[in-house]
Amino acid sequence: VHVSVSRGATTLQLQQLRARELDALVVDLRRVVPAPDLRIEVIAQLRAGFVCRKSHPLLQAAQPGGTDFEALLAYPMASIPLSDEVARILVSHYGSLADPHRLTSLECEDIASLIETVTYTDAIYLGIIAAASRGLKSGELVEITLEPPFVGSAHLGMVTLAGRTELPVMAVFRQFVAQQMALALQNA
């Protein structure tokens, strides 16, 4: 079995899938527009939130009940490009100031790079909490408790071409992805 990890914009990856350059995508399903040629399977739902480094100035001013969302706005926000649905969720939680187009100052498809940036700067990570689990467990990173609490999540799933005869190894790949998502849920 040969597995190749391809990062990049979901729209580009969907083009590669349709061109049969990729056999499957594992992505946040909110970034995929349903289409008759796509087979979309939900795998896991991972909690999202805000994370910063343990010595972040925001934590020094935090109130016992949680940090007010507007306090985040004084710092750069780092995130992957967010879907329109996630934008609507953020705006419904915190108002128009939470629109990711205005809120996010650093966008990158590579979550590991975002987490590393947050570890060494005053930037705040907005994304899947499980992606920051190593830093959270070591104490380098801290999840920001907001008031009101944020209840967002990523709906991760697998996307393949509908009507295409699937390689037998895809069952093994599906099981591998499901196991990895289960571990992410345990570590979050």
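See above for the structure.
Residues numbered from 1 in each chain as written. Predicted model: local features only at pLDDT ≥ 70, side-chain atom pairs only at ≥ 80, totals over all residues. Heavy atoms only, no water.

Draft legend 1. The arrangement of the nonpolar core in detail. Ranked by internal contacts, the top residues of the largest apolar core, which has 23 residues, are Tyr125 and Ile128. Elements with a contribution of two residues or more to this core: strand 2 (38–53), helix 6 (111–120), strand 6 (124–128), strand 9 (153–161) and helix 8 (169–187). At four residues, helix 8 tops the list of elements feeding residues into this core. (Core = buried A, V, L, I, M, F, W, Y, C linked by side-chain atoms within 4.5 Å. Buried < 20%, exposed > 50% of the residue type's maximum accessible area, 1.4 Å probe, protein only. Helix = DSSP H or I, 4+ residues; strand = E, 2+ residues; numbered from the N terminus.)

Draft legend 2. Molecular detail of the packing of aromatic side chains. With the rule as written, the count across this model stands at four aromatic pairs. Summarising the aromatic geometry, the rings of Phe50 and Phe69 are spaced 6.2 Å apart at their centres and angled 70 degrees between planes, so their arrangement reads as edge-to-face. Of this pair, Phe50 sits in strand 2 while Phe69 sits in helix 3 (residues 69–72); the two residues are 19 residues apart in sequence, bridging distant segments of the chain. On the basis of relative accessibility, which here comes to 1%, the residue Phe50 falls in the buried class. Relative accessible area serves as the criterion here: at 3%, Phe69 is assigned to the buried category. Chaining the aromatic ring pairs together yields one cluster made of Phe50, Phe69, Tyr94 and Phe150. (Phe/Tyr/Trp six-rings, centres within 6.5 Å; stacked < 30°, edge-to-face > 60°.)

Draft legend 3. Representation of the environment of Thr67 within the structure. If you trace the backbone, Thr67 turns up in strand 3 (residues 67–68). Taking relative accessible area as the criterion, Thr67 reaches 6% and is therefore assigned buried.

Draft legend 4. Broad picture of the pairing of strand 2. In this sheet, strand 9 lies alongside strand 2 in antiparallel orientation, the contact comprising nine bridges. In the sheet register, Ala44 faces strand 9, and the bridge partner there is Leu156. Pairing analysis gives four bridges linking strand 2 to strand 6, with the strands arranged antiparallel. Bridging from a neighbouring strand, Gly49 pairs with Gly127 of strand 6. (Pairing = 2+ DSSP bridges.)

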